[in-house]
Amino acid sequence: GAGVSQSPSNKVTEKGKDVELRCDPISGHTALYWYRQSLGQGLEFLIYFQGNSAPDKSGLPSDRFSAERTGGSVSTLTIQRTQQEDSAVYLCASSLVKGNNSPLHFGNGTRLTVT
Amino acid sequence: SQKIEQNSEALNIQEGKTATLTCNYTNYSPAYLQWYRQDPGRGPVFLLLIRENEKEKRKERLKVTFDTTLKQSLFHITASQPADSATYLCALPTDSNYQLIWGAGTKLIIKP
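Residues numbered from 1 in each chain as written. Chains lettered and ligands numbered in written order. Predicted model: local features only at pLDDT ≥ 70, side-chain atom pairs only at ≥ 80, totals over all residues. Heavy atoms only, no water.

### A look at unusual backbone geometry
The linkage connecting A:Ser7 with the following residue, A:Pro8, adopts the cis geometry, with an omega of -10°. With respect to the helices, strands and loops of the structure, A:Pro8 is situated in the loop between strand 1 (5-7) and strand 2 (10-13). Not every positive phi belongs to a glycine, and B:Glu60 is a case in point at roughly 55°. Mapped onto the elements, B:Glu60 comes out in the loop between strand 6 (56-59) and strand 7 (62-67). On the basis of relative accessible area, B:Glu60 is assigned to the exposed category, the value being 79%. (Helix = DSSP H or I, 4+ residues; strand = E, 2+ residues; numbered from the N terminus. Buried < 20%, exposed > 50% of the residue type's maximum accessible area, 1.4 Å probe, protein only.)

Right under this line is the structure:
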């Protein structure tokens, strides 16, 4: 079956512009995560959605970052007024059930470059 | 605070030998640990989960150990092949029931 799909795969934007990153999780997966991966660093947690519950936004690095998950499926991560330090790979993952012993299924990420 | 360490230097192994990667953690006692593989330009792919009451777990050529006294997990690939070349990440649960913390990964290079 289809895996987690992310778009675009690459995005180059000028400093100060807004960007939207999209994630289409595996059908039926109730949990959805956004992570950020920088070179040589571990995955940095950004936000977690579980079903209809309020998301855990505790990992968002600033108020320029926001995310939505519509209808319990597709999610978009929006970065406003991008800065050069926002350059990284943004990964989306979904899992079948709640709980951190449930394996995560990742998309291939969006590589964001802010010039 | 909870911390995970993986060897940041690339590991070069001759084809056919056993590759061993290390994941060390401090300041807590996780109930389990996960290992993932990540290829360049791709997202991580789940490989194995081992629980604290399991000393060892195997899947084909992969073997994972979990030593809660040493606070360490070892990830072994036997009869290694060039196709095993990738970055391997370990991840452990946090105090929440849905968050993981991640090691930075170890790059494994299998030379023919």
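### Considering the interface of chain A and chain B
Of the residues lining the interface, 22 residues belong to chain A; the matching set on chain B comes to 22 residues. Between chain A and chain B, a total of about 1700 Å² is buried, with carbon and sulfur atoms accounting for 50% of that surface. Taken together, chain A and chain B are joined by zero salt bridges. Inspection of the chain A/chain B interface yields seven residue pairs in polar contact (both at pLDDT 80 or more). Looking at the side of chain A that touches chain B, the elements with two or more residues in it are strand 4 (31-37) and strand 5 (44-50) of chain A. If one sorts the elements of the side of chain A that touches chain B by residue count, strand 4 of chain A sits on top with three residues. Grouping the constituent residues of the side of chain A that touches chain B by class yields nine nonpolar, eleven polar and two charged. (Contact = heavy atoms within 4.5 Å. Buried area = accessible area lost by both parts, 1.4 Å probe. Salt bridge = Lys/Arg side-chain N within 4 Å of Asp/Glu carboxyl O. Polar contact = N/O pair within 3.5 Å; in protein donor to acceptor, adjacent residues only side chain to side chain. Nonpolar A, V, L, I, M, F, W, Y, C, P; charged D, E, K, R; others polar.)

### Things to note about the state of the cysteines
Scanning the entire structure with this criterion turns up two disulfides over all chains. Here A:Cys23 pairs with A:Cys92 through a disulfide, and the sulfurs are 1.9 Å apart. Taking the torsion about the sulfur-sulfur bond, which here is approximately -65°, the covalent link between A:Cys23 and A:Cys92 counts as left-handed. On the criterion of sequence distance, the pair formed by A:Cys23 in strand 3 (residues 19-24) and A:Cys92 in strand 8 (residues 88-95) is long-range, its members being 69 residues apart. Given a relative accessible area of 0%, A:Cys92 falls into the buried group. What pairs with B:Cys23 in a disulfide is B:Cys90, and their sulfur atoms sit 2.0 Å apart. Its torsion about the S-S bond being 75°, the disulfide of B:Cys23 and B:Cys90 is classed as right-handed. Taken as a pair, B:Cys23 in strand 3 (residues 19-26) and B:Cys90 in strand 9 (residues 86-93) lie far apart in primary sequence, 67 residues in all. (Disulfide = S-S within 2.5 Å.)

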